Amino acid sequence: MTIENFRIPADLVSILDESGNQVFELAIPMKVAVDPGIQYMRNPIDSGATITDHYIILPVVASIDFIVTNSNYREAYQQIRTAARAAQRFTVQTKSDTFQNMYIENYPSEEDPDKFDAITITISFIEIQLDTATLELLPASQVSDASDASTTDRGEVSGSATSGSLLSQAADALGVIF
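Definitions and limits used
- Residues numbered from 1 in each chain as written.
- Predicted model: local features only at pLDDT ≥ 70, side-chain atom pairs only at ≥ 80, totals over all residues.
- Heavy atoms only, no water.
- Helix = DSSP H or I, 4+ residues; strand = E, 2+ residues; numbered from the N terminus.
- Contact = heavy atoms within 4.5 Å.
- Areas by Shrake-Rupley, 256 points an atom, 1.4 Å probe, with all protein chains shown as cover.
- Buried < 20%, exposed > 50% of the residue type's maximum accessible area, 1.4 Å probe, protein only.
- Expected span 1.5 Å × (residues − 1).
- Arc of directions from axis to C-beta.
- Lys, Arg positive; Asp, Glu negative; His and termini not counted.
- Salt bridge = Lys/Arg side-chain N within 4 Å of Asp/Glu carboxyl O.
- Polar contact = N/O pair within 3.5 Å; in protein donor to acceptor, adjacent residues only side chain to side chain.
- Phe/Tyr/Trp six-rings, centres within 6.5 Å; stacked < 30°, edge-to-face > 60°.

### Concerning the overall build of the protein chain
Alright, step 1. Helix and strand counts for the protein chain stand at two helices and nine strands.
Alright, step 2. Its helices and strands in sequence order give the protein chain the pattern β-β-β-β-β-α-β-β-β-β-α, from N to C terminus.
Alright, step 3. Relative to all contacts within the protein chain whose residues are 6 or more apart in sequence, the contacts with residues 24 or more apart total 58%.
Alright, step 4. For the protein chain, the exposed surface amounts to about 13100 Å²; the carbon and sulfur share of it is 50%.

Structure representation (structure tokens):
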């Protein structure tokens with residue numbers, strides 16, 4: 001049996017584009033490693049102990065090892081490279097879960113004479129968690145310092161003169177020149 005006749009079952013991993021079409025079909029997936037991490041925040045307290053009071057969910061990282069046969073080297077690599085440079089969004093489906101908003105972070109390849117007529121490419125995907133910032137304007141009556149209120153109705157407002165930064169005040173007091 002040659003490597004070209006060897007296929008992993010389709011349900012091992014699927015990489016889908018935004019339209020739901022499978023991509024990188026010239027590359028045969030061999031191994032998948034998924035890291036859905038959590039980071040616990042540790043804080044020291046006065047007694048010398050460390051407490052954990054909250055955690056954050058880290059972006060999922062999926063690393064997929066592919067093998068590409070000699071008849072498909074360039075075409076498969078170019079497909080991967082083009083998708084990575086275009087910051088194309090993917091969905092990665094494994095046996096255990098489906099991961100959305102995945103982007104190619106890197107895609108190193110290895111050409112090893114021990115693998116005869118094939119190269120290996122490891123694609124590392126990272127989940128990008130996008131969020132939209134919201135801006136809420138406070139009415140002037142709710143701003144504690146009136147000078148911090150909106151200047152929309154006052155036109156251009158110049159800053160007030162200061163006596164210098166804290167660093168320059170300290171330098172003046174010590175007679176240091178910067």
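### Notes on the environment of Leu26
Alright, step 1. In this fold, Leu26 is placed in the loop between β1 (13-16) and β2 (28-35).
Alright, step 2. We classify Leu26 as partly exposed; its relative accessible area is 24%.
Alright, step 3. Sequence separation between Leu26 and Ala76 is 50 residues, and the spatial gap between their C-alpha atoms is 5.7 Å.

### Points about helix α1 (residues 73-85)
Note on helix geometry: an α-helix contains 3.6 residues per turn, so any two residues three or four positions apart are oriented the same way.
Alright, step 1. Compared with the 18 Å implied by 1.5 Å per residue over 13 residues, the 18 Å span of α1 between its first and last C-alpha is a close match.
Alright, step 2. Every buried residue of α1 is accounted for by Ala76, Ile80, Ala83 and Ala84. Take α1 and look down its axis: the buried residues cluster within an arc of 105 degrees, on one side only. For α1, exposure combined with an orientation more than 90 degrees from the buried face picks out Arg74, Thr82 and Arg85.
Alright, step 3. In this structure, the buried residues of α1 make contact with β5 (61-69), β6 (90-94), β7 (98-106) and β9 (118-127).
Alright, step 4. Directly beyond the C-terminal end of α1, a positive phi value near 50 degrees is found at Ala87.

### Examining the side chain of Asp17
Alright, step 1. Secondary-structure assignment places Asp17 in the loop between β1 and β2.
Alright, step 2. We note that Asp17 is buried and unpaired, the nearest opposite charge coming from Arg89 at a distance of 9.7 Å.
Alright, step 3. Among the polar contacts listed, one links the side chain of Asp17 to the backbone nitrogen of Asn21, at a separation of 2.9 Å.
Alright, step 4. Here Asp17 is in contact with Val23, Gln88, Arg89 and Phe90, once residues within four sequence places are set aside.

### Observations concerning the side chain of Thr120
Alright, step 1. If you trace the backbone, Thr120 turns up in strand β9.
Alright, step 2. Sequence-distant contacts of Thr120, defined by excluding residues within four places in its chain, comprise Phe66, Ile67, Pro108, Ser109, Glu110 and Lys115.

### Here we look at the packing of aromatic side chains
Alright, step 1. Within this structure, the stated rule accounts for four aromatic pairs.
Alright, step 2. When the centroid spacing of 5.6 Å and the interplanar angle of 50 degrees are considered together, the rings of Tyr40 and Tyr55 count as tilted. Residue Tyr40 is found in strand β3 (residues 38-44), and its partner Tyr55 is found in strand β4 (residues 50-57); the two are separated by 15 residues along the sequence.
Alright, step 3. Assessed through its relative accessible area of 47%, Tyr55 is described here as partly exposed.
Alright, step 4. Ring plane angle 55 degrees and centroid distance 5.7 Å describe the contact between Tyr77 and Tyr107, whose orientation is recorded as tilted. Residue Tyr77 is found in helix α1, and its partner Tyr107 is found in the loop between β7 and β8 (109-110); the two are separated by 30 residues along the sequence.
Alright, step 5. Take Tyr77: its relative accessible area is 24%, and that puts it in the partly exposed class.
Alright, step 6. Among the aromatic side chains, those forming a connected cluster through ring pairs are Phe24, Phe90 and Phe125.

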